[in-house]
Amino acid sequence: MSSETSKEGGCLCGAIRYRVTGEPVATSLCHCKTCRRASGAPTVAWAVFRSSDFAFANGAPTCFHSSPGIARTFCGKCGTPLTYQRESGTGTIDITTATLDHPDRFAPACEIWIAHKISWESLNGPIPQHSGSSKQ
């Protein structure tokens, strides 16, 4: 894979590494309760890619089904949240933006689930905000 189209990332301890090609189909900042609990943070930034463009390059993550039909992966050694994927065959995988080696390249284009936002958390300026999913 060329360095121009390949993006890489991984967990805090380095046990898990992944590679993704192509460009994201979406980027967002999520305020939902499930993402908050899974990450231990008030929001989670996501970069969404085609599943066919994603592969774990080193190590095997642990998978947790956070709700029916939803698989989240994380490093079983250090706990870093890595991916979110619907098992219904959407053809996409959400990658936690902060785990990419160059997360600055993938700024969120919108905020989602702001109806679940923690009251003291600020919204992110001029980007569109959605009370639920961006696919409303």
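Right above here is the structure, for reference.
Throughout this description, residue numbers start from 1 for each chain and increase along the sequence as written. Local features in this predicted model are restricted to residues whose pLDDT is 70 or higher, and side-chain atom pairs enter the listing and the counts only when it is 80 or higher, whereas totals over whole chains, interfaces and linings include all residues. Heavy atoms from the whole structure form the basis of all side-chain values; hydrogens and water molecules are not counted.

**Observations concerning the sheet that holds strand β7 (residues 70-74)**
Note the cut-off: Two strands form a pair only when DSSP identifies at least two bridges running between them. Strands are runs of DSSP state E lasting at least 2 residues, helices are runs of H or I lasting at least 4, and numbering of each runs from the N terminus. Only the stretch in contact is used when fitting a helix axis, every axis being a line fitted to C-alpha atoms; angles between N-to-C directions are given from 0 to 180 degrees.
In spatial order, the strands read β6-β7-β8-β9-β4-β3-β10; together these seven strands make up an open sheet with mixed pairing. With one partner strand each, in any of the chains shown, β6 (62-67) and β10 (110-112) form the two edges of the open sheet. Across the sheet, the mean angle from the axis of one strand to that of its neighbour is 30°, orientation sign disregarded. Across five bridges, the pairing between strand β4 (residues 44-50) and strand β9 (residues 92-96) is antiparallel. The residue bridging W46 from the neighbouring strand is T96, located in β9.

**Observations concerning the layout of surface pockets**
What counts, and what does not: Think of a 1 Å grid over just the protein atoms. A cavity is a set of points where a 1.4 Å probe fits yet cannot get out, a pocket is an open set with protein on both sides within 12 Å along at least five of seven lines, and lining residues have an atom within 4 Å of a point. Grid points are joined across faces, edges and corners, and a volume is the space filled by probe spheres set on the points. Gly is put with the polar residues, along with every residue not named as nonpolar or charged; the nonpolar set is Ala, Val, Leu, Ile, Met, Phe, Trp, Tyr, Cys and Pro, and the charged set is Asp, Glu, Lys and Arg.
In this model, the largest pocket occupies a volume close to 630 Å³. Lining the largest pocket are 26 residues; nearest its centre among them are Y84, R86, D94, I112 and S133. When residues of the lining of the largest pocket are traced back to their parent elements, those giving at least two are β3 (26-30), α1 (33-39), β4, β6, β7, β8 (81-86), β9 and β10. Take the lining of the largest pocket: its biggest share by element is four residues, from β3. Taken together, the residues of the lining of the largest pocket break down into 12 nonpolar, 10 polar and four charged.

**Quick look at unusual backbone geometry**
For W113, which is not glycine, the phi torsion reads 55° and is therefore positive. Along the chain, W113 turns up in the segment after β10.

**Considerations on the pattern of salt bridges**
Here is the rule we go by: The rule for a salt bridge is simple: a side-chain nitrogen of Lys or Arg has to be within 4 Å of a carboxyl oxygen of Asp or Glu.
Within the structure shown, the criterion is met by five salt bridges. When the shortest N-O distance is used, the salt bridge between K7 and E23 registers 3.3 Å. With K7 in strand β1 (residues 7-10) and E23 in the loop between β2 (17-20) and β3, the pair connects residues that are 16 residues apart, well separated along the chain. Put simply, E8 and R17 hold a salt bridge, and the shortest N to O gap is 3.6 Å.

**Comments concerning the side chain of K7**
Formally: Only protein chains enter the accessibility calculation, which uses a 1.4 Å probe; a residue is then buried when its area is under 20% of its type maximum, exposed when over 50%, and partly exposed in between. The contact definition used throughout considers only heavy atoms, calling two residues in contact when any of these lie within 4.5 Å.
A residue is classified by how much of its surface remains accessible, and K7, at 8% relative accessible area, is buried. Contact partners of K7, with chain neighbours within four places excluded, come to Y18, R19, V20, G22, E23, F49, L100 and F106.

Purely geometric stuff here, so don't read any function into it on its own.
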